[in-house]
Each structure stands twice: as structure tokens, then as C-alpha cells.
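Summary of structural features
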Amino acid sequence: MRNILLPSVLSLCLFQNLIHAQSTFGTEQFISSEKEKGDFTISAEGLSAPLLISSKEWPGVTKAFRDLRADIGKVTSSLPELFTDKLPDSKEIIIAGTIGKSQLIDQLIKSKKIDTNKITGKWETFIIQIVKKPFKGVKQALVIAGSDKRGTIYGIYELSRQIGVSPWYWWADVPITKKEKLYVKPFTYID
């Protein structure tokens, strides 16, 4: 009997966590469909910025990043390329990683391109920001850095939510609003 109830209990716990996560996400909107000076282009003109992640990253973070890739494709009909460790040949890229687990994020911290003092050592927190010239040949990057595995995952799904993919998409078939262009305002978002 206990084995039959376990999947149901786990599903209920996951569902409760999803509701909690949705209610705790910030309300500051940083995505726009109109470009302004200094904005980062996620997708425009049928092209999406490539995604970059470390091969040493937690499997759950990598899965969430793949979900973000799919979400960008669903919203814009332009599926971005996903790169592991190898810097894509692009002026704008999206990077996600966990402090202490991703050499990409650790390198950005070491070179003082991102300041993670407000999230380091905390549980389940993240920072999302645009970084100018993060690596040689890259004009700017949208960086999602988490204090721990869940922080990084929450940051990735916050970006998905902001581009228009509801956390209820999988659970309740909430429709996705199509957009041809997605831009990120210059900012630093911490949650």
C-alpha cells in the first residue's frame, strides 16, 4: 500500500512546491518585445541567442536550461542552439550556472564581471543580469547565476516565466503567447 501512495504524495509535494515557487517569483518585468538602447536580444528576426552551460553543471540545472531552450523556441518559433563548455560564435549569448559548480560562472566572478555577494552562501537564490564583454568576442551575455542548484533552476524558470511560459503550462495546459521578438532590459535581478 505504501508504494502505491508514494508517487501520489511526491506529486502533491511537487505541485505544492510549484505553487509556492510561482508565488515567490518577483513581479518586476524585465522582458520586452520592443528594443531599447542597451537591451539584450533573446530573439529577433528569426534568430535566438545561443545558450551556454558547463558540462560540470548539476543535471537538474542542465535539464532546466534545456527547458528554457524549448520555451524560447515555443514562444518565438526560433529554437536557440545549446552549447556545452564551447563558446558559441555569437555577439550575444545566454549563460546559466551555479556558483562553485560552473567554471563559466566562477570565471565571471573571478574577473569581476558579475558580483554575487548578495547571493553567495544563501539558499535557493539567483541573480540575472546583462554582462558586457563577458568573454573575448562576446559583446554581451544574459547571465543566470544561482547560489545553489535550486537557485539556478529557479532563475532559469523565472526567465521562462518572464518570456511568457506559465509555470502552469505543464500542469494545466496554459497556452503560450507567441512573440516574434524578445529583449531583456539592462538590469540586475536578484531573488
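Residue indices begin from 1 for each chain and proceed along its sequence in written order. Residues qualify for local features only when their pLDDT is at least 70, as the model is predicted, and side-chain atom pairs are given and counted only at 80 or more; totals for whole chains, interfaces and linings, by contrast, use all residues. Think of the side-chain values as coming from all heavy atoms in the structure, minus any hydrogens and water.

Re the environment of Arg69
For helices the rule is a DSSP run of H or I covering at least 4 residues; for strands it is a run of E covering at least 2, with both sets numbered from the N terminus onward. In this structure, Arg69 sits in helix H2 (residues 59-76). Distance in space between the C-alpha atoms of Arg69 and Pro50 is 8.8 Å, their sequence separation being 19 residues. Whether two residues touch is decided by their heavy atoms; if any such pair falls within 4.5 Å, the residues are in contact. The contact partners of Arg69, leaving out residues within four places of it in the chain, are Leu51, Leu79, Pro80, Glu81 and Leu82. Within the structure, the side chain of Arg69 is placed 2.5 Å from the backbone oxygen of Pro80, a separation counted as a polar contact. N or O atoms within 3.5 Å of each other form a polar contact, as long as, within protein, one can give a hydrogen and the other can take it, and as long as residues adjacent in sequence are counted only when both atoms are side-chain atoms.

Observations regarding the pattern of salt bridges
What counts as a salt bridge is simple: a side-chain nitrogen of Lys or Arg found within 4 Å of a carboxyl oxygen of Asp or Glu. Under the criterion given, the structure shown has five salt bridges. The salt bridge involving Asp71 is made with Lys74; its shortest N-O contact spans 3.9 Å. On the criterion of helical spacing, the pair formed by Asp71 and Lys74 is a turn pair, its members being three residues apart in helix H2. In this scheme, a residue with accessible area under 20% of its type's maximum is buried, one over 50% is exposed, and one in between is partly exposed, where area comes from a 1.4 Å probe on protein chains only. On the basis of relative accessible area, Asp71 is assigned to the buried category, the value being 7%. As a salt-bridge pair, Glu124 and Arg150 come within 3.0 Å of each other at their nearest N and O atoms. Residue Glu124 is located in the loop between helix H3 (103-110) and strand E7 (126-132), and its partner Arg150 is located in helix H4 (residues 149-163); the two are separated by 26 residues in the primary sequence. Overall, Glu124 belongs to the partly exposed group, its relative accessible area being 29%.

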